[in-house]
Amino acid sequence: CNVPHPHGHNDTGFMVAGQGMSGCSNYGIPVFDTTEDRNRVFYFDASTEDTFNNVTSCVGAKGWRNCLSLAEIWLDQPRTKSVVV
């Protein structure tokens, strides 16, 4: 199963790569991005042959950043800077 917040707590957890679990039939590609002082999780659905082909063709030709129109945004928040004392 691939779900952004499996326990209902937004921005606190993600379940990905649960292939083979009972009741799960969704497959996809999560991308974790920590550039530009942000924490982001993008999820590219690949659960059908069409969506898989669309994602892999686009990413192969343009790179994942240029294919974000095919992704769901699961998380987008500023990174907090820790102060080491």
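In the block above lies the structure referred to throughout.
J.: Can you tell me about the overall build of the protein chain, naming the residues and giving the values?
T.: Broken down by element type, the protein chain carries 1 helix and 3 strands. In sequence order, the protein chain lays out its α and β elements as β-β-α-β. Partitioning the contacts of the protein chain with sequence separation of at least 6, the portion at a separation of at least 24 is 45%.

J.: Give a detailed account of the nonpolar core, specifying residues and quantitative values.
T.: Counting residues in each nonpolar core, the largest one holds 7 residues, listed as V31, F42, F44, V55, C58, C67 and A71. Of all the secondary structure elements, the ones that give two or more residues to this core are strand 2 (38–45) and helix 1 (49–62). Those residues within four positions of F42 in sequence are excluded, and the remaining contacts are I29, P30, V31, D33, W64, L68, A71, E72 and I73.

J.: With reference to specific residues and values, describe the state of the cysteines.
T.: Taken as a whole and judged by the stated rule, the model has 1 disulfide. Disulfide partner of C58: C67, at an S-S distance of 1.9 Å. Of note, the bridge from C58 to C67 carries an S-S torsion of about -100° and is left-handed in sense. When sorted by exposure, C58 lands in the same class as C67, which is buried.

J.: Provide a residue-level description of the pairing of strand 1 (residues 28–33), including the pertinent values.
T.: Bridge analysis of strand 1 against strand 2 gives 6 bridges, and the strand direction is antiparallel. Across the sheet, residue P30 finds its bridge partner in strand 2, namely Y43. Linking strand 1 to strand 2, which pair antiparallel, is a turn of 4 residues; within it E36 sits at a positive phi near 55°.

J.: How would you sum up the side chain of D33? Please name residues and give values.
T.: Relative to the assigned elements, D33 resides in strand 1. Since its relative accessible area comes to 3%, D33 is described here as buried. Within polar-contact distance, the side chain of D33 engages the side chain of R65 at 3.3 Å. Excluding residues within four positions of it along the chain, D33 makes contact with R38, N39, R40, F42, W64 and R65.

J.: Break down the sheet that holds strand 3 (residues 71–78) for me, with residues and values.
T.: Hydrogen bonds along the backbone pair up the strands of a sheet, which may run parallel or antiparallel. Ordered in space as 1-2-3, the 3 strands form an open sheet in which the pairing is antiparallel. Lying at the two open borders of the sheet, with one neighbouring strand each, are strand 1 and strand 3. Neighbour-to-neighbour, the strand axes of the sheet open up by a mean angle of 10°, direction not taken into account. Looking at chain direction, strand 2 and strand 3 are connected through 7 bridges and run antiparallel. The residue of strand 3 that forms the bridge with F42 is I73.

Each value, and the rule that gives it
Residues numbered from 1 in each chain as written. Predicted model: local features only at pLDDT ≥ 70, side-chain atom pairs only at ≥ 80, totals over all residues. Heavy atoms only, no water. Helix = DSSP H or I, 4+ residues; strand = E, 2+ residues; numbered from the N terminus. Contact = heavy atoms within 4.5 Å. Core = buried A, V, L, I, M, F, W, Y, C linked by side-chain atoms within 4.5 Å. Buried < 20%, exposed > 50% of the residue type's maximum accessible area, 1.4 Å probe, protein only. Disulfide = S-S within 2.5 Å. Pairing = 2+ DSSP bridges. Polar contact = N/O pair within 3.5 Å; in protein donor to acceptor, adjacent residues only side chain to side chain. Axes fitted to C-alpha atoms, helices over the stretch in contact; angles between N-to-C directions.

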